[in-house]
Amino acid sequence: PDPPFGSGRNSPTMVYLAMVAKGDVVIYEAKLPGPSTTKNPPENQLQFIVHQALDSLDQKIKSNSHMYLKEVDRFNNMPVSAFVTAGHVKFLLLYHAGTLEDGAIKQFFTELYKNYVKVCMNPFYLKNTPISSAIFADRIYMLARNYFLR
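The numbering scheme is per chain: residues are counted from 1 as the chain's sequence reads. Only residues with pLDDT of at least 70 are given local features in this predicted model, and only at 80 or more are side-chain atom pairs given and counted; all residues enter the totals for whole chains, interfaces and linings. Side-chain descriptors were evaluated using all non-hydrogen atoms of the structure, hydrogens and water having been removed beforehand.

**Student:** I keep staring at the overall build of the chain and nothing clicks. Help me out?
**Tutor:** A helix here means a DSSP run of H or I that spans at least four residues, while a strand means a run of E at least two residues long, and both kinds are numbered starting from the N terminus. Broken down by element type, the chain carries three helices and five strands. Going from the N terminus to the C terminus, the chain shows its helices and strands as β-β-α-β-β-β-α-α.

Put into structure tokens, the structure is as follows:
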């Protein structure tokens, strides 16, 4: 299997996922299959955009009790949608505007959360450390294909 952040699979790529634990520690990141576009920013810019969105997300968390927070920030024509777990781990999804439906994003986050809980239940996983499981990466990749390439 490909490394979690690799884009070595042969499908169009332009959905970027970051999972951020307390202290803004990135525990998982991946470029996922999604509707392809020709204006994809470089990988280091993707990380910067998502990191910048954390400030907006923190403000939105204070005024909202929902787990799925929809769009929390935007860079050019690229929104960042967010989901916050009960343990305050933040899931951030960066994509091109108009390419993904809100319902698909919410379902993806819900399934991602279920998979994250399974990782947390593993007695060998240390909380707030990077997730390096190839099985987890494959499941997330398949979720993205199911929800974003309909």
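**Student:** Is there a simple way to explain the layout of surface pockets in this structure?
**Tutor:** Reported here for the largest pocket is a volume of approximately 200 Å³. Under the scheme applied, nonpolar residues are Ala, Val, Leu, Ile, Met, Phe, Trp, Tyr, Cys and Pro; charged residues are Asp, Glu, Lys and Arg; polar residues are all the others, including Gly. Along the lines of polarity and charge, the residues of the lining of the largest pocket split into six nonpolar, four polar and two charged. Every definition here rests on a 1 Å grid over the protein atoms only: cavities are sets of points where a 1.4 Å probe fits but cannot get out, pockets are open sets enclosed by protein on both sides within 12 Å along at least five of seven lines, and lining residues have some atom within 4 Å of a point. Grid points are joined across faces, edges and corners, and a volume is the space filled by probe spheres set on the points.

**Student:** Any chance you could explain helix α1 (residues 43–62) here in plain terms?
**Tutor:** Owing to its 3.6 residues per turn, the α-helix aligns residues three or four sequence positions apart on the same side. A helix is expected to span 1.5 Å for every residue after the first. Its 20 residues place the ends of α1 30 Å apart at the C-alpha level, agreeing with the 28 Å of an ideal helix rising 1.5 Å per residue. Fitting axes to the seven residues ending at a residue and to the seven starting there, one defines the bend at that residue as the angle between these axes. Along its length, α1 reaches its greatest deviation from straightness, about 30 degrees, at D55. In this scheme, a residue with accessible area under 20% of its type's maximum is buried, one over 50% is exposed, and one in between is partly exposed, where area comes from a 1.4 Å probe on protein chains only. Taken as a whole, α1 has its buried residues at L46, I49, V50, A53, L54 and L57.

**Student:** Just to check I follow, could you spell out the environment of A104 for this structure?
**Tutor:** With respect to the helices and strands, the residue A104 is situated in helix α2 (residues 102–121). Distance in space between the C-alpha atoms of A104 and Y147 is 5.4 Å, their sequence separation being 43 residues. With residues up to four places along the chain from it excluded, the contact list for A104 reads Y147 and F148. Working rule for contacts: check all heavy atoms of both residues, and any pair within 4.5 Å makes them a contact.

**Student:** When you look at the packing of α2 against helix α3 (residues 134–148) in this model, what are you seeing that I'm missing?
**Tutor:** Any two packed helices are characterised by the angle at which their axes cross and by the distance between the axes. In this description, a line fitted to the C-alpha atoms serves as the axis of each element, helices being fitted only across the stretch in contact, and the angle between N-to-C directions of two axes falls anywhere from 0 to 180 degrees. Where α2 contacts α3, the axes come no closer than 10 Å and their chain directions differ by 165 degrees. In terms of axis orientation, α2 runs roughly antiparallel to α3. Between α2 and α3 lies a crossing whose hand is right-handed. Within the contact between the two elements, α2 uses A104, I105, Q107, F108, E111, L112, N115, Y116, K118 and V119 and α3 uses F136, R139, I140, L143, A144, Y147 and F148. Within the contact of α2 with α3, the residues separate by chemical class into twelve nonpolar, two polar and three charged. Throughout this description, any angle smaller than 35 degrees is read as roughly parallel, any larger than 145 degrees as roughly antiparallel, any in the 65 to 115 degree range as roughly perpendicular, and the remainder as oblique. Working rule for handedness: look at the near helix, and if it is turned counterclockwise from the far one by less than a right angle, call the crossing left-handed; if clockwise, right-handed.

**Student:** Before we go on, may I ask you to explain the nonpolar core in this structure?
**Tutor:** It is characteristic of soluble globular proteins that their nonpolar side chains tend to be buried jointly. Remark: nonpolar core denotes a set of buried residues (Ala, Val, Leu, Ile, Met, Phe, Trp, Tyr, Cys) joined through side-chain atoms within 4.5 Å. With 31 residues, the main nonpolar core has L93 and F108 as its most contacted residues. Mapped by element, the contributors of at least two residues to this core are β1 (13–21), β2 (25–33), β5 (90–94), α2 and α3. The residues touching F108, leaving out its near neighbours within four places in the chain, are L17, L32, L93, I140, L143, A144, Y147 and F148. Ranked by size, the runner-up nonpolar core spans 18 residues in total, among them V20, L46, L69 and V72.

**Student:** I'm lost on the packing of aromatic side chains in this one. Help?
**Tutor:** Stacked, tilted and edge-to-face pairs are distinguished by plane angle, under 30 degrees for stacked and over 60 for edge-to-face with tilted covering the rest, among Phe, Tyr and Trp rings (Trp via its six-membered ring) whose centres lie within 6.5 Å. Applying the stated criterion across every chain, the model contains nine aromatic pairs. Here the aromatic rings of F83 and F91 are separated by 5.6 Å at their centres, their planes lie at 15 degrees, and the arrangement is stacked. The same class applies to F83 as to F91, namely buried. Grouped by ring-pair contacts, the aromatic residues Y68, F83, F91, F108, F109, Y113, Y116 and F148 constitute a single cluster.

**Student:** What exactly am I supposed to notice about the environment of Y68 here?
**Tutor:** Residue placement: Y68 occurs in strand β3 (residues 68–75). Given a relative accessible area of 11%, Y68 falls into the buried group. Expressed as a C-alpha distance, the spacing of Y68 and I105, which sit 37 residues apart in the sequence, is 9.3 Å. Discounting chain neighbours no more than four positions away, the residues touching Y68 are S81, A82, F83, D102, I105, K106 and F109. In this structure the side chain of Y68 is engaged in a polar contact, spanning 2.4 Å, whose partner is the side chain of D102. In the analysis that follows, any N or O atom pair within 3.5 Å is treated as a polar contact, provided that within protein one partner can donate a hydrogen and the other can accept it, and provided that, for residues neighboring in sequence, both atoms belong to side chains.

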